[in-house]
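# Report on the structure
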Amino acid sequence: MARSALLNVMVQAALKAGKSLSRDFGEVQNLQVSVKGPGDFVSQADLKAEKIVREELMKARPTYDFLGEEGGEEKGTDGAHRWIVDPLDGTTNFLHGIPQFAVSIALERNGEIVAGVIFNPATDELFTAERGGGAFLNDRRIRVAARKTLPDCVIACGVPHLGRGNHGKFLVELRHVMGEVSGIRRMGAAALDLAYVAAGRVDGFWEANLSPWDIAAGIVLIREAGGFVSDMKGGQEMFATNSVVAGNEYIHKALVEVVNRPVPSK
Ligand code: IPD
Ligand code: CA
Ligand code: CA
């Protein structure tokens, strides 16, 4: 598998930040039993990881824009390129010692995502994709699952929580989806949910209230794995609407229809 120079830079940045997160994850597991808890420590781990990613990427391409969840957007002089980074996706999992979290790095060129890397250091799984070059899990080529009908499918989702999202609207979506599928999963890291769709581990995914750094790398992974990704209405405004639906051709279409079904009348 040949990687471009740019993808290599992204991979190196993700691995380096992942190493730092891995070390801190060990400490988080110890801190579960402390009275203060691991909250502040995790915030520091998150910031440290973003600093590592930023330094690595900006060293290689100093003129690109950089959008990171923690530091916000910094404009470069390039005008065409932007890094989009979530240094720690799955913070709640990380905080609770659950090994489902990742570093997510995407490269956008003239508004299109052209490369993506999602790395879970706890499982040593590195998902990569470049436009036109296919999607990979470590060195293995990946593809979306082939199931064609919802009753055969396991679908991942994101559940809004205290202070976040529209709970009522989600419950309507869930009610409709759960009546059609063989299983629902809420794993807690949107970047990995998308990577799992790309790898055929789950057949589809939907979530509202996501930010560009949660979904940017996953978008190119899914497309390069032969899948479809859209916003909740089936359009391509994922960043503007903060929403995403993903799956293969059939499941994506079916999910868009099901999550948009009107509220049932009593
Ligand atoms: C969160 C995770 C989670 C999703 C949330 C995101 P964070 O990102 O991706 O799965 O449900 O909406 O904000 O805060 O852990 O980087
Ligand atoms: Ca995130
Ligand atoms: Ca994050």
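Use the structure listed above.
What counts as what
Residues numbered from 1 in each chain as written. Chains lettered and ligands numbered in written order. Predicted model: local features only at pLDDT ≥ 70, side-chain atom pairs only at ≥ 80, totals over all residues. Heavy atoms only, no water. Buried < 20%, exposed > 50% of the residue type's maximum accessible area, 1.4 Å probe, protein only. Helix = DSSP H or I, 4+ residues; strand = E, 2+ residues; numbered from the N terminus. Pairing = 2+ DSSP bridges. Axes fitted to C-alpha atoms, helices over the stretch in contact; angles between N-to-C directions. Parallel < 35°, antiparallel > 145°, perpendicular 65-115°, else oblique. Left-handed = near helix turned anticlockwise from the far one by under 90°. Contact = heavy atoms within 4.5 Å. Nonpolar A, V, L, I, M, F, W, Y, C, P; charged D, E, K, R; others polar. Near = heavy atom within 4 Å. Polar contact = N/O pair within 3.5 Å; in protein donor to acceptor, adjacent residues only side chain to side chain. Areas by Shrake-Rupley, 256 points an atom, 1.4 Å probe, with all protein chains shown as cover. 1 Å grid on protein atoms, 1.4 Å probe; cavity = no way out; pocket = protein on both sides within 12 Å on 5 of 7 lines; lining within 4 Å. Sits in = over half its atoms within 2 Å of the grid points. Domains from an automatic or database assignment.

Where burial is concerned, most of strand β3 (residues 81–89) is hidden: 9 out of the 9 residues are buried. Pairing between strand β1 (residues 65–68) and β3: 4 bridges, direction parallel. What sits directly across from Phe66, in β3, is Trp83. Here 7 bridges tie β3 to strand β4 (residues 102–109), and the two strands are oriented antiparallel to one another. Paired with Trp83 across the strands is Leu107, a residue of β4.

Looking now at the packing of helix α1 (residues 5–31) against helix α2 (residues 39–60). Where α1 meets α2, the closest approach of the two axes is 9 Å, and the angle between their N-to-C directions is 165°. One element, α1, and the other, α2, form an angle in the roughly antiparallel class. Relative to α2, α1 is oriented so that their crossing is right-handed. Residues Val9, Met10, Ala13, Lys16, Ala17, Ser20, Leu21, Asp24, Glu27, Val28 and Leu31 of α1 touch α2, and the partners they reach there are Phe41, Val42, Ala45, Lys48, Ala49, Ile52, Val53, Glu56, Leu57 and Ala60. Of the residues assigned to the contact of α1 with α2, the class counts are 15 nonpolar, 1 polar and 5 charged.

Let us now look at the site of ligand 1. Neighbouring residues of ligand 1: 15 residues in total, closest Asp89, Gly90, Thr91, Arg186 and Glu207. Contact between ligand 1 and Gly188: an oxygen atom at 3.1 Å from a main-chain N or O atom of the residue. Compared with its free state, where it exposes 370 Å², ligand 1 has 86% of that area covered by protein. With respect to the pocket detection grid, ligand 1 is positioned in the largest pocket. Here the shell around ligand 1 gets 3 residues from one element, more than from any other, and that element is β3. Taken together, the residues that form the shell around ligand 1 break down as 4 nonpolar, 4 polar and 7 charged. When we break the shell around ligand 1 down by domain, the ones giving at least three residues each are domain 1 (5–141) and domain 2 (150–259).

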